[in-house]
Amino acid sequence: MENNDIITSTDQVRRSGYKELTMKGKALYMAKCKELIKEGELRQCYLQTLILWADCYDRFWTLREDVKLEGYTFSTKNKFGQDVISANPKVKMMNDALKQANAILSEFGATLKQ
């Protein structure tokens, strides 16, 4: 790959979708861009994918906070008045968001171990 598409400044990283990120998502995106700039590895073609990664990773952390407050399960009553313990659906959503974020990062050859 040619070096002319390497980004050398955060002034070059705003792309479509950036405005739609939350403040936390923007911070995650910018931190990852800075990390890749420092390593000389940030390319123009990575930016949209990094926006998607930041969105998924932000969603994971937001859902994690919800689950932390609400718990992993909740109690309801069935039609017979018996207590039923059910899984909080946000747990699955949280895990799915993390899987998506990790899958996107793997496109860059990165893993959690790295």
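What counts as what
- Residues numbered from 1 in each chain as written.
- Predicted model: local features only at pLDDT ≥ 70, side-chain atom pairs only at ≥ 80, totals over all residues.
- Heavy atoms only, no water.
- Core = buried A, V, L, I, M, F, W, Y, C linked by side-chain atoms within 4.5 Å.
- Buried < 20%, exposed > 50% of the residue type's maximum accessible area, 1.4 Å probe, protein only.
- Helix = DSSP H or I, 4+ residues; strand = E, 2+ residues; numbered from the N terminus.
- Contact = heavy atoms within 4.5 Å.
- Pairing = 2+ DSSP bridges.
- Polar contact = N/O pair within 3.5 Å; in protein donor to acceptor, adjacent residues only side chain to side chain.
- pLDDT = per-residue confidence, 0-100.
- Phe/Tyr/Trp six-rings, centres within 6.5 Å; stacked < 30°, edge-to-face > 60°.

Let's talk about the nonpolar core
Formed by 20 residues in total, the largest nonpolar core has its most connected members in Val13, Tyr29, Cys33, Leu42, Leu47 and Trp53. Breaking this core down by element, the ones donating at least two residues are α1 (23-38), α2 (47-70) and α3 (89-106). With sequence-adjacent residues up to four places away left out, Leu42 is seen in contact with Asp5, Ile6, Ile7, Val13, Cys33, Leu36, Ile37, Leu47 and Leu50. By size, the runner-up hydrophobic cluster in this structure holds 6 residues, among which are Phe60, Leu63, Val67 and Val91.

As for the pairing of strand β2 (residues 83-87)
Across the 5 residues that make up β2, only a small minority, 0, are buried. Two elements, strand β1 (residues 73-77) and β2, share 5 bridges in a ladder whose sense is antiparallel. Note on β2: the bridge partner recorded for Thr76 is Val84.

A short note on the environment of Lys77
Within the secondary structure, Lys77 is located in strand β1. Through-space distance from the C-alpha of Lys77 to that of Tyr57 is 34 Å; in sequence the pair is 20 residues apart. When sequence neighbours within four positions are dropped, the list of residues in contact with Lys77 reads Gln82 and Asp83.

A word on the side chain of Asp5
Relative to the elements of secondary structure, Asp5 occurs in the segment before α1. A polar side-chain atom of Asp5 sits 2.9 Å from a polar atom in the side chain of Arg43. Leave out the neighbours within four places in its chain, and Asp5 touches Leu42, Arg43, Gln44 and Cys45.

Quick notes on the confidence of the model for the protein chain
Taken as a whole, the protein chain shows an average pLDDT of 91; of its residues, 91% reach a score of 70 or greater. Taking the mean pLDDT of every element in the protein chain, the minimum, 93, falls on β1 and the maximum, 97, on α2.

A closer look at the packing of aromatic side chains
Under the criterion given, the structure shown has 5 aromatic pairs. A ring pair is formed by Trp53 and Tyr57, whose centres lie 5.4 Å apart and whose planes are at 20 degrees; its orientation type is stacked. Of this pair, Trp53 and Tyr57 both sit in helix α2, 4 residues apart, which is roughly one turn of the helix. Ring centres of Tyr57 and Phe60 lie 6.1 Å apart, and the angle between their planes is 10 degrees; on these two criteria the pair is classed as stacked. You can see Tyr57 and its partner Phe60 sitting in helix α2, 3 residues apart, about one turn around the helix.

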